[in-house]
Amino acid sequence: SAVISQKPSRDICQRGTSLTIQCQVDSQVTMMFWYRQQPGQSLTLIATANQGSEATYESGFVIDKFPISRPNLTFSTLTVSNMSPEDSSIYLCSAERQGRETQYFGPGTRLLVL
Amino acid sequence: GDSVTQMEGPVTLSEEAFLTINCTYTATGYPSLFWYVQYPGEGLQLLLKATKADDKGSNKGFEATYRKETTSFHLEKGSVQVSDSAVYFCALSYGGATNKLIFGTGTLLAVQP
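Each chain has its residues counted from 1, running along the sequence as written. Naming scheme: in the order in which they are written, chains are lettered from A and ligands are numbered from 1. In keeping with the model being predicted, local features are shown solely for residues with a pLDDT of at least 70 and side-chain atom pairs are shown and tallied solely at 80 or more, while totals for entire chains, interfaces and linings include all residues. The basis for every side-chain value is the complete set of non-hydrogen atoms in the structure, without hydrogens or water.

### Comments concerning the overall build of chain B
1) Next: When its secondary structure is counted, chain B shows zero helices and twelve strands.
2) Next: As defined in this context, the radius of gyration uses C-alpha atoms, and a globule is described by 2.2 Å times the residue total to the power 0.38. Against the compact-globule benchmark of 13 Å for 113 residues, chain B has a radius of gyration of 14 Å, which places it among compact chains.
3) Next: With the principal axes as the frame, chain B shows a C-alpha extent of 45 × 30 × 20 Å.
4) Next: Counting every position in chain B, which comprises 113 residues, the buried fraction comes to 44%.
5) Next: We call two residues contacting when some pair of their heavy atoms lies within 4.5 Å. The long-range fraction of contacts in chain B, counting pairs at least 24 apart against all pairs at least 6 apart in sequence, stands at 56%.
6) Next: For chain B, the exposed area adds up to about 5,300 Å²; of that, 49% sits on carbon and sulfur atoms.
7) Next: Across chain B, the 8 positively charged side chains and the 11 negatively charged ones have centroids separated by 8 Å. Elements are defined by DSSP. Helices are runs of H or I of four residues or more, strands are runs of E of two residues or more, and each kind is numbered from the N terminus. Only protein chains enter the area calculation, which uses a 1.4 Å probe; residues under 20% of their type maximum are buried, those over 50% are exposed, and those in between are partly exposed. Residue burial considers only the protein chains on display, and all accessible areas are found by Shrake-Rupley using a 1.4 Å probe. Counted as positive: Lys and Arg. Counted as negative: Asp and Glu. His and the chain ends are not counted at all. For the purpose of locating charges, the reference atoms are NZ of Lys, CZ of Arg, CG of Asp and CD of Glu.

This is the structure we're talking about:
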């Protein structure tokens, strides 16, 4: 398995501002992902964070709203830009080693936008 | 498109009761199937998985069998404990270059002493 940490664990932000969430994995992984879990709902994939290239976004998510970086094999960031109350969610990072077909999740970042 | 359907919760059981949480899927190919658990205030943890038809995943007394004929992956446990209280998510993925997990809506399990 992989140990994944996220920072911050929670935050309260004002609308119109941006927040960058960090995800750190304890070992090199092939794939990293960002998910959103809206209150009382299931998880939805936002994007796949690609090392050294632009992230691959799912339908309904765009780079201007959720810019993602992945500078190396153990670290990624997700920025939630120009936030509104509708962005209040838990944001989770996950990681997978090549060929293992199992994703491990970080503890999540609980975001509240006022 | 691919999807996962779970029984709605909450499911409330007494300690030592038998647990079944139903999960069915719709898939265009042959995915791997997973159960993840989310304890209160925590992130998701992988509970068990099965990668092909008739495989049985098991962990911590929980079991689920990949049934291709009924497109199901029901989660079972013979005797639940209070510490099993959590939200359980069924999910599928295809692996490979775009290993996207598709989750069900989650089922809240509450076990009472």
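### Looking at the layout of surface pockets
1) Next: Here a cavity is any set of points on a 1 Å grid over the protein atoms alone where a 1.4 Å probe fits but cannot get out, and a pocket is any open set with protein on both sides within 12 Å along at least 5 of 7 lines; a residue lines the site when it has an atom within 4 Å of a point. Grid points are joined across faces, edges and corners, and a volume is the space filled by probe spheres set on the points. Taken as a whole, the largest pocket spans an internal volume of roughly 310 Å³.
2) Next: As for the largest pocket, its lining consists of 19 residues, of which Gln37, Gly40 and Gln41 of chain A together with Gln38 and Val87 of chain B are closest to the centre.
3) Next: Looking at the lining of the largest pocket, the elements that each hand over two or more residues are β10 (86-93) and β12 (107-112) of chain B.
4) Next: A total of three residues in the lining of the largest pocket trace back to one element, the largest contributor, which is β10 of chain B.
5) Next: Here the lining of the largest pocket is composed, by residue class, of eight nonpolar, nine polar and two charged. Think of it as three bins: nonpolar holds Ala, Val, Leu, Ile, Met, Phe, Trp, Tyr, Cys and Pro, charged holds Asp, Glu, Lys and Arg, and polar takes everything else, Gly as well.

### What to know about a nonpolar patch on the surface
Residues and elements named next belong to chain A.
1) Next: Patch membership is restricted to residues that have no salt bridge and whose relative accessible area is over 30%. Joining uses 9 Å for like charges and 5 Å for the nonpolar side chains Val, Leu, Ile, Met, Phe, Trp and Tyr. A pairing counts as a salt bridge when a side-chain nitrogen of Lys or Arg comes within 4 Å of a carboxyl oxygen of Asp or Glu. On the surface, Ile12, Leu112 and Leu114 cluster together into a nonpolar patch covering about 280 Å² of accessible area.
2) Next: Of note, Leu114 is situated in the segment after β11 (109-113).
3) Next: Among the residues examined, Leu114 registers a relative accessible area of 46% and is labelled partly exposed.

### Quick look at the pairing of strand β5 (residues 43-49) of chain A
Residues and elements named next belong to chain A.
1) Next: Within β5, six of the seven residues are buried, which leaves the element mostly enclosed by the surrounding structure.
2) Next: Note on pairing: DSSP must find at least two bridges between two strands before they are called paired. One ladder, built from six bridges, connects strand β4 (residues 31-37) with β5; its direction is antiparallel. Looking across to β5, one finds that Phe33 is bridged to Thr48.
3) Next: A loop of five residues connects β4 with β5, the two strands running antiparallel in sequence, and Gly40 in this loop sits at a positive phi of about 70°.
4) Next: For β5 and strand β6 (residues 56-57), the ladder comprises two bridges, and the chain directions are antiparallel. Each bridged residue has a counterpart across the sheet, and for Thr48 the counterpart in β6 is Thr56.
5) Next: Between β5 and the antiparallel strand that follows it, β6, lie six residues; Gly52 among them carries a positive phi value of about 80°.

### Considerations on the sheet that holds strand β8 (residues 62-65) of chain B
Residues and elements named next belong to chain B.
1) Next: The four strands are arranged β3-β9-β8-β7 in an open sheet whose pairing can be described as antiparallel. Of all the strands in the sheet, the pair left with one neighbour each is β3 (19-21) and β7 (56-59). For this sheet, the mean angle separating the axes of adjacent strands, direction not counted, is 15°.
2) Next: In the sheet, β8 pairs with strand β9 (residues 75-77) via three bridges, with the strands oriented antiparallel. Residue pairing across strands places Ala64 opposite Leu75, the latter belonging to β9. Axis definition: a line fit to C-alpha positions, over the contact stretch in the case of helices; interaxial angles, taken between N-to-C directions, run 0 to 180 degrees.

### A few points about the state of the cysteines
1) Next: Throughout, disulfides are identified as pairs of cysteine sulfur atoms within 2.5 Å of each other. Using the criterion set out here, one finds two disulfides over all chains in the structure.
2) Next: Between Cys23 of chain A and Cys93 of chain A runs a disulfide, and the two sulfur atoms are separated by 1.9 Å. Residues Cys23 of chain A and Cys93 of chain A share a disulfide whose torsion about the S-S bond is about -65°; that sign makes it left-handed. Highlighted residues: Cys23 of chain A in strand β3 (residues 19-25) and Cys93 of chain A in strand β9 (residues 89-96), separated in sequence by 70 residues.
3) Next: For Cys23 of chain A, a relative accessible area of 0% puts it in the buried group.
4) Next: Each sulfur in the disulfide pair Cys23 of chain B and Cys90 of chain B lies 2.0 Å from the other.

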